[in-house]
Amino acid sequence: MRRNDQVDIVQCDWQQTSHSLELIRTRVFIEEQGVPIHIEMDGLDSIAWHFLASTAAGETIGCSRLLPSGKIGRLAVLRSYRGEGVGTALLKETVKFGKATLKSKLYLHAQSYAKDFYEANGFSSIGAPFLEADIEHIKMIYNQLAN
């Protein structure tokens, strides 16, 4: 990782880490992408499993969540850490946890520009693109045989 930083990915509790998770999601989804707060903060966080990426210095830099339905979402990395492998590490940890914990298939709604990223990490698109929060998305399912 950048500047020889190690990134630590941990599964975390919403009530204990909501401030850090909300800060990352607010910067990425609400401020950068213009997602309305009522869509971003959808009331499902209390039933989800959350993952938080931090640098060795303790700076929180990314997050993701997994719903009991098998839906992965809210994958966000702060702008200054993008392209450093943080998103891949978060996704891999979320998938690993989901495969071990859930009997349902893992899936997500990817922003269309990120389709290649998810395909490189074992997901396949299904169906036609659609709008979610006025951003084009595509439904993708995880290939259960992928590493």
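Before reading on, note that the structure itself is shown above.
Residues numbered from 1 in each chain as written. Predicted model: local features only at pLDDT ≥ 70, side-chain atom pairs only at ≥ 80, totals over all residues. Heavy atoms only, no water.

Undergrad: In this structure, what is going on with the pairing of strand 5 (residues 107-111)? I would like to understand it.
TA: Walk down a regular strand and you will see the side chains alternate between the two sheet faces. Pairing between strand 4 (residues 71-77) and strand 5: two bridges, direction parallel. Bridge pairing in strand 5 links Ile72 to Leu108. Assessed by its sense of winding, the connection that carries the chain from strand 4 through helix 3 (residues 86-101) to strand 5 is right-handed. (Pairing = 2+ DSSP bridges. Helix = DSSP H or I, 4+ residues; strand = E, 2+ residues; numbered from the N terminus. Right-handed = clockwise from strand over helix to strand, strands pointing away.)

Undergrad: Even after reading the chapter, I still don't get the pairing of strand 6 (residues 123-132), so can you show me in this structure?
TA: Where strand 6 meets strand 7 (residues 135-142), seven bridges bridge the pair, whose relative direction is antiparallel. Paired with Glu132 across the bridge in strand 7 is Ile135. Where strand 6 folds back onto strand 7 in an antiparallel hairpin, the turn is made up of two residues, including Ala133, whose phi is positive at roughly 55°.

Undergrad: Even after reading the chapter, I still don't get the sheet that holds strand 6, so can you show me in this structure?
TA: Each strand in a sheet pairs with its neighbour through backbone hydrogen bonds, running either in the same direction (parallel) or in the opposite one (antiparallel). One open sheet holds the seven strands; their spatial order is 1-2-3-4-5-7-6, and the pairing between them is mixed. Every other strand in the sheet has two partners, leaving strand 1 (7-12) and strand 6 as the edge strands with one partner each. Neighbour-to-neighbour, the strand axes of this sheet turn through a mean angle of 25°, independent of strand direction. Here strand 3 (residues 60-66) runs beside strand 4; their pairing, made up of four bridges, is antiparallel. Pairing of Gly62 across the sheet is with Val77, part of strand 4. (Axes fitted to C-alpha atoms, helices over the stretch in contact; angles between N-to-C directions.)

Undergrad: Sorry if this is basic, but what is going on with helix 3 here?
TA: Given 3.6 residues per turn, any residue in an α-helix points the same way as the ones three and four places further on. Taking 1.5 Å per residue, 16 residues should reach 22 Å; helix 3 reaches 22 Å between its end C-alpha atoms and fits that length. Among the residues making up helix 3, those that are buried are Val86, Gly87, Leu90, Leu91, Thr94, Val95 and Gly98. Each buried residue of helix 3 sits inside an arc of 160° when the element is viewed along its axis, so together they form one side. Residues of helix 3 that are exposed and point more than 90 degrees away from the buried face comprise Lys92, Lys96 and Ala100. (Expected span 1.5 Å × (residues − 1). Buried < 20%, exposed > 50% of the residue type's maximum accessible area, 1.4 Å probe, protein only. Arc of directions from axis to C-beta.)

Undergrad: Mind showing me how you'd approach the nonpolar core here?
TA: In globular proteins that are soluble, nonpolar side chains generally tend to be buried together. Residues Ile72, Leu90, Leu91, Leu108, Tyr118 and Phe123 are the most contacted members of the largest nonpolar core, which totals 23 residues. Sorting the residues of this core by element identifies strand 2 (49-55), strand 3, strand 4, helix 3, strand 5 and strand 7 as the ones contributing at least two each. The element contributing the most residues to this core is helix 3, with four residues. When near neighbours in sequence (up to four residues on either side) are disregarded, Ile72 contacts Arg65, Leu66, Leu91, Thr94, Val95, Leu106, Tyr107, Leu108, His109 and Phe123. (Core = buried A, V, L, I, M, F, W, Y, C linked by side-chain atoms within 4.5 Å. Contact = heavy atoms within 4.5 Å.)

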